[in-house]
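What follows is the residue order along each chain.
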Amino acid sequence: MKGLGETLGSGAMTNDFDSLRRADVILVMGSNTTETHPVIGSWIKERHDQGATLIVGDPRKTEIAGHADIHLQLQSGSDVALANGLMHVILRDGLHDRAFIDERVEGLDTLRETVAWYTPERTAELTGLPRERIEEAARLYASGPDSAICYTMGITQHTTGTDNVRSLANLALLCGMLGRPGTGVNPLRGQSNVQGACDMGALPNVYTGYQKVVDDRIREKFSTLWKAEMPAQPGRTVMKMMEAAGSGDIRGVLIMGENPMVSDPNTEHVRECLTNLDLLVVQDIFLTETARLADVVLPAACLPEKDGTLTNTTRTVQRVRKAVDAPGAARPDWAITTALAGAMGADWAFRGPEEIFQAIAACTPSYAGISYERLEEGGLPWPCPAPDHPGTPNLYTEGFNRPGGKARFLPRHWKAPHEWPDEAYPFLATTGRLLYHYHTGSMSRRSAPGEHVRELFIEMNPADAKPLGVGDGEMIRVTSRRGHVEGRTAVTDRVPPGTLFIPFHFAEAAANLLTASVIDPDSETPAYKITAVRVDKV
């Protein structure tokens, strides 16, 4: 979000689903789209079948990479170098959109100076890609005429994740690929309501609608509205909270619908931090690995058991309707939160989700024109500032959300990852998700799709398996500087030599026993995609 917010003015998908169906070129970066966003992946493949050009940048030969006209199988952690190399070619060959930049973007000279170093030869050296592929991809993206970028956690989960996003935004701005259908920079969200959670201020530095905590005027507005003095400084991100729990600076934590004992990096460190708390409360629909450590477990209702709204990856607010009653003592999240607030002295009197939504619309300018009555007719994408506003499927059609209405280039140089294979740990492990599982497996391992993949497997290239004497399906142990996991080998050329792919859904062999507690300093997102490891046959 930070990278897009700085360059364009808003940290959200710029375009809607229909826009993707109108793209002439689709550049998918760091996204195993057809497994992790299968519906969107199917639309991308459909558009490709209709004649659109598909370029995929990913170290793995993912399913969608198999459909690509160009698969840029770059070295993990070299995304900034690739983007800069593409922009070098585009500027060198005069393929940039001069009129768009002159009218709507600041900082071209700084960008030109930065990317000048990234000749195709140097970019090839950093990324491991043939220079011809780099030049071809640059020309195809720039020529559009309408080119869209999609990306996910293969871009963001690095120590340079924010720089990766800034660089993709620079690329789109350079070619004028924003502000109309078929274009855009689109971070595909990983959960059904992660966009909505961010919109509602589930971030440490903003209130709802990304209204900044450090803005005195905004803070006074919410202090008056909520009848309580608001803090003058941002709070902590999840990673910083975990550190504070470990050091004793935080004594109590409430975790809602999250399972950090499987999802957070460096699992043993997470366990030490959580067990150091005086009070751990977990609100979830199942007794997860994290809930088992809790002092108090609050049983929550699952999606078909509650009313409310979701805001999807395209910023579209839509209704959710209850289908069945929740079992036992399980309650909707809003009811649990309201009861907790009341127990702590707040005078919250919400009687249901519609009243809560009215309160949201009253304090959130981008949601001000949305109501349950309007949502009965279908979803509405924000910004929707007034009851007669139709919603905004495509952002930046007239200007950017920055001073003067102009976006800005924020060029960055490539930086080496936080760790890299060496003599002691000669392989690079990257973690990710599978089609049949969702996140930490707390739901998918209890349902039919999860039966297709019941245990951890580890992808290894045949060129690595042979000298280790490892055959397909044989057990190996993967060890990093933090811990080790064991799993069956999937010998495949989906991963390049020297790289392992380890899905992270399996708590009994948690991939995050291997990963490091390192973060992108800008977004404080963990760097899951690069871990130096060694391999032993079991």
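Numbering of residues starts from 1 in every chain and runs along the sequence as written. With the structure being a predicted model, the display of local features is reserved for residues of pLDDT at least 70 and the display and counting of side-chain atom pairs for 80 or more, all residues being used for whole-chain, interface and lining totals. Working from all heavy atoms in the structure, the side-chain values ignore hydrogens and water.

**Details of the overall build of the protein chain**
Put simply, DSSP H or I for four residues or longer makes a helix, DSSP E for two residues or longer makes a strand, and each gets a number counted from the N terminus. Helix and strand counts for the protein chain come out as 20 helices and 19 strands. Split into buried and exposed, the 538 residues of the protein chain put 53% on the buried side. Throughout, a residue-residue contact means that at least one pair of heavy atoms, one from each residue, lies within 4.5 Å. If you take every contact in the protein chain between residues at least 6 apart in sequence, the share linking residues at least 24 apart comes to 70%. Method for areas: the Shrake-Rupley scheme with a 1.4 Å probe, in which residue coverage is limited to the protein chains shown. Counting only carbon and sulfur atoms, one obtains 52% of the accessible surface of the protein chain, whose full area is about 23000 Å². When charges are counted, Lys and Arg are positive and Asp and Glu negative, with His and the chain ends excluded. The atom standing in for a charge is NZ when the residue is Lys, CZ when it is Arg, CG when it is Asp and CD when it is Glu. Seen as two clouds, the 54 positive and the 68 negative side-chain charges of the protein chain have centres 1 Å apart. Only protein chains enter the accessibility calculation, which uses a 1.4 Å probe; a residue whose area is less than 20% of its type maximum is buried, one above 50% is exposed, and one in between is partly exposed.

**Regarding the sheet that holds strand 11 (residues 316–320)**
Two modes of strand pairing occur in sheets, parallel and antiparallel, and in both the strands are linked by backbone hydrogen bonds. Two strands qualify as a pair provided DSSP detects at least 2 bridges between them. On the basis of which strands lie adjacent, the open sheet formed by 3 strands has the order 10-11-12 and antiparallel pairing. Each edge of the open sheet is held by one strand with a lone partner, namely strand 10 (308–311) and strand 12 (380–381). Pairing of strand 10 with strand 11, which is carried by 4 bridges, proceeds in the antiparallel orientation. Following the sheet pairing, Thr311 is matched in strand 11 by Val317.

**Some words on helix 9 (residues 131–143)**
An expected span of 1.5 Å times one less than the residue number is assigned to each helix. Taking 1.5 Å per residue, 13 residues should reach 18 Å; helix 9 reaches 19 Å between its end C-alpha atoms and fits that length. Residues of helix 9 that are buried include every one of Ile134, Glu135, Ala137, Ala138, Tyr141 and Ala142, and no others. For helix 9, the angular spread of buried residues about the axis comes to 165 degrees, placing them on one side. After helix 9 finishes, the residue Gly144 shows a positive phi value of roughly 45 degrees. Working note: the arc is built from the helix axis to C-beta atom directions.

**Brief notes about the pattern of salt bridges**
Salt bridge, as applied in this entry: a Lys or Arg side-chain nitrogen positioned within 4 Å of an Asp or Glu carboxyl oxygen. Under the counting rule described, the total for this entry stands at 37 salt bridges. With a shortest N-O distance of 3.5 Å, Asp493 and Lys61 are connected by a salt bridge. In this pair, Asp493 is assigned in the loop between strand 17 (484–491) and strand 18 (499–503) and Lys61 in the loop between strand 2 (53–57) and strand 3 (70–72), connecting sequence segments 432 residues apart. Judged by relative accessible area, which is 43%, Asp493 ranks as partly exposed. What makes Lys61 partly exposed here is its relative accessible area of 35%. For the salt bridge of Glu508 with Arg445, the shortest nitrogen-to-oxygen distance reads 2.7 Å.

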